[in-house]
Structures are given as C-alpha cells and as structure tokens.
Amino acid sequence: METTKAIVIESFGGPEVLRLQELPLHDPGPGEVLLRIEAAGVNPADLGMRDGRYPWAEPPRFPLVPGYDVAGVVESVGREVIGLAVGDPVTATTAHAHSQIGSYAERVVLPADRVVPAPGLTVEARACLPLAGTVALQALRRLGLNRDQVLLINGVSGAVGCFLAQLAHRAGSIVLGTASTDDHDYLRSLSVDPLDRHRPLVDQLHDRGIDTVDAAFDAVGGPSAGAAFATVRDNGRYATIVPDFWIPGGQFTPARGITPEVVVYSPIRADLAELVDLVSAGALHARIADTLPLAAAPEAHSRLMKGGLRGKLLLRP
C-alpha cells in the first residue's frame, strides 16, 4: 500500500498535538480521485477538528487529519469518474464530517463530486476558494438582498468577509465592512466602504447619512456581533457564521422582525464551479495572509487562534 505524509491528531488539544506522520493511502475506488496536494487552506473549522469541538457525523477515529480546502492535481481516477483526468489542476473540499480524512497532507483520495477542475487558477486561489468562497456565496443567497440595498459585514477583512463583499458588490449591493484601519485601502479596492472596528458603528453610519442597514453579516461574534445586529432595520436580514456567540433575548429578538440565520457550509459542487468561473473571469479575488510549509501546521493554528489575519493561511507540502 502507498503512503503519504500528513499532519495528524492522535488526541484532542492545542496546536502542539499536530504532528507530521506517514499514513497509508488507498487507491481511488469507484467515484473517487487521488489528488497530489499543492496547498491546503487553514480554516476556523480546523481548530475545532483539533480540539474536539467539530461536529463529526460519527465518533472521531484517531489518527485524524484536519483540513477542508484543497488545491491539487489529479494523479489517478477511479471507475465511474467523468469530467476529471490525470493532470487536471483542481480545487476541492474534503468530506471530513463523514470520512475524517483531511487536506493537511501530500496526497488525498476524495469523492469526485467534491472536486472541480480549475484550469488557469493559481494554487493560492484554488486553496483559498472552496470553504470560504462557498460559505460567502451561500450567505449572500440567504441574505436575499436586492440591488442598491446596504449590507454591513462585521469582519470583512477575513476570507469569508472578503469573498462576500466582492459577491455582494457584483450583485449590486452597497457594501460596508468593519476592519482595522490598516485594511481600509485594500477594502476600498474591493468597492467596500470601510468602517473602523474600534469605533461605534452607529456614529460611523450617521457620518455617512445612514440610520440603518438592510442586512448585516457577522464573521466575528462577541459584542461586535450585537453591535452589527443593532444597525439592521426592522424586518431586515441578519446572518452569521459564529452562532456560539448568540445571546437569546436582548437585541436578538423576533420583536424587530429579524430572524438571525446561521450559515453552515454545504458542499455543493455547482457552487464551487460557479466560484471558479468568477475567479477565472477576474470578478473574484482571493486574499492570502501567508503560506507556510506543511510541518508548520502548529504555527498556522496558533496564528489563526490569535486573530488579526488578513486573508487565508495556506500550508504547502
């Protein structure tokens, strides 16, 4: 049996439990493809895989390999696979909730329906796009904005926030976003009106002649999520990817006609293919914070936990 080097977790804990090991690698079966991984994205969900908070479909089995995002090249295909050929550059997500097989590795076998050809895209774009881009696209649909409506993104400088800002602007929304002032010039280049995350949102909106926004999206949680929610007009829309920070009652009440929506990643291949087309057309851009070697996975997790990243961290075998 062939093997692959991979970052594994043999017990839940902090970044120090991430270790580089050699693991067996089976041949692709029917409906599967073998990928040589060029880069893996590091996501907040990976932190939950490492410390035990991730919601697996079955009890976790050690050793676990974390990671969702894959930029890779097809090495071989199993029976019944169509539309993918050896040598194709691809973007993909692992089926981690069920298989517990992740992308922090040199090679991986994945279901073909998780893999999308991405000719012409850089390794960085292919590694950054799958999870964050898909969540952003699905969040935009959940928000249901009309042209010229105002969207506030709490945490716009992160991977999901940046993708959502670009998708919403392309759809005709007016986009505002909270970020540190160091990021404001970059955000303006994405047609985002940046807000200082350290200043009261209400004051900054008033400075722009805005009393309320039509919708808000939260990628941060905590007190700033409540502040973002408070800016939404009655009967507006609110969505979040950080539901752990919801506080029932108070501002989060149906009395205002706002039902907070939790956006959970759904692995829809057509969505990822749509994102690939947008990147190929120059209508969507990935933002990379840094690229580290695979063995530096503990450092990558520590940096993600610390926060303040501008874009996505990548690991390259």
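For the structure, check the block above.
Structural notes, computed from the coordinates. All of these numbers come straight from a predicted model, not from anything done at the bench.

**Describing the pattern of salt bridges**
Counted according to the given criterion, the structure contains 20 salt bridges. The shortest N-O distance in the salt bridge between R208 and D193 comes to 2.8 Å. A residue pair is termed long-range when its members are at least 10 positions apart, and R208 in the loop between α7 (201–207) and β11 (213–218) and D193 in strand β10 (residues 192–196) qualify at 15 residues. Judged by relative accessible area, D193 falls into the partly exposed class, the value being 29%.

**A look at the packing of helix α1 (residues 44–51) against helix α10 (residues 297–306)**
Contact pair α1 / α10: the axes reach a minimum separation of 10 Å and the direction vectors enclose 115°. Considering the angle they form, α1 stands roughly perpendicular to α10. Seen from above, α1 lies across α10 with left-handed handedness. Here α1 contributes P44, D46, L47 and R50 to the contact with α10, which in turn contributes H301, L304 and M305. Looking at the contact of α1 with α10 residue by residue, the classes come out as four nonpolar, one polar and two charged.

**Details of the environment of L20**
Along the polypeptide, L20 turns up in strand β2 (residues 18–25). Judged by its relative accessible area of 43%, L20 is partly exposed. Sequence-wise, L20 and S180 are 160 residues apart; in three dimensions their C-alpha atoms are separated by 35 Å. Setting aside its immediate chain neighbours within four residues, L20 contacts K5, A6, I7, L294 and A295.

**Things to note about the pairing of strand β4 (residues 69–77)**
The side chains of a regular strand alternate between both faces of the sheet. Where strand β3 (residues 32–42) lies against β4, six bridges are found, and the strand directions are antiparallel. Within β4, the position partnered with I37 by the bridge is G72.

**A closer look at the packing of aromatic side chains**
Enumeration over the complete set of coordinates arrives at six aromatic pairs. Relative to W56, the ring of Y54 has its centre 4.9 Å away and its plane inclined at 65°; by these criteria the two rings are edge-to-face. By relative accessible area, Y54 is classed as buried at 10%. Taken together, the ring pairs in this structure connect F12, Y54, W56, F62, Y68 and Y265 into an aromatic cluster. Just above the ring of Y186 sits the side chain of R287; from NZ or CZ to the centre is 3.9 Å.

**Considering the sheet that holds β10**
Pairing in this open sheet of six strands is parallel, and the strands run β10-β9-β8-β11-β12-β13 from one edge to the other. One side of each edge strand has no neighbouring strand; the edge strands of this open sheet are β10 and β13 (261–262). Bridge analysis of β11 against strand β12 (residues 232–240) gives five bridges, and the strand direction is parallel. Looking across to β12, one finds that V213 is bridged to V232. Sheet strands in contact with helix α8 (residues 223–230) are β8 (150–154), β11 and β12, and its direction is about 145° off that of β12.

**With respect to the environment of V192**
With respect to the secondary-structure elements, V192 resides in strand β10. In this structure the C-alpha to C-alpha distance between V192 and V213, which are 21 residues apart in sequence, comes to 14 Å. For V192, the residues in contact, after removing those within four places along its chain, are V156, A165, V175, L176, G177 and L187.

Conventions and cut-offs
- Residues numbered from 1 in each chain as written.
- Predicted model: local features only at pLDDT ≥ 70, side-chain atom pairs only at ≥ 80, totals over all residues.
- Heavy atoms only, no water.
- Salt bridge = Lys/Arg side-chain N within 4 Å of Asp/Glu carboxyl O.
- Helix = DSSP H or I, 4+ residues; strand = E, 2+ residues; numbered from the N terminus.
- Buried < 20%, exposed > 50% of the residue type's maximum accessible area, 1.4 Å probe, protein only.
- Axes fitted to C-alpha atoms, helices over the stretch in contact; angles between N-to-C directions.
- Parallel < 35°, antiparallel > 145°, perpendicular 65-115°, else oblique.
- Left-handed = near helix turned anticlockwise from the far one by under 90°.
- Contact = heavy atoms within 4.5 Å.
- Nonpolar A, V, L, I, M, F, W, Y, C, P; charged D, E, K, R; others polar.
- Pairing = 2+ DSSP bridges.
- Phe/Tyr/Trp six-rings, centres within 6.5 Å; stacked < 30°, edge-to-face > 60°.
- Lys NZ or Arg CZ within 6 Å of the ring centre and 35° of its normal.

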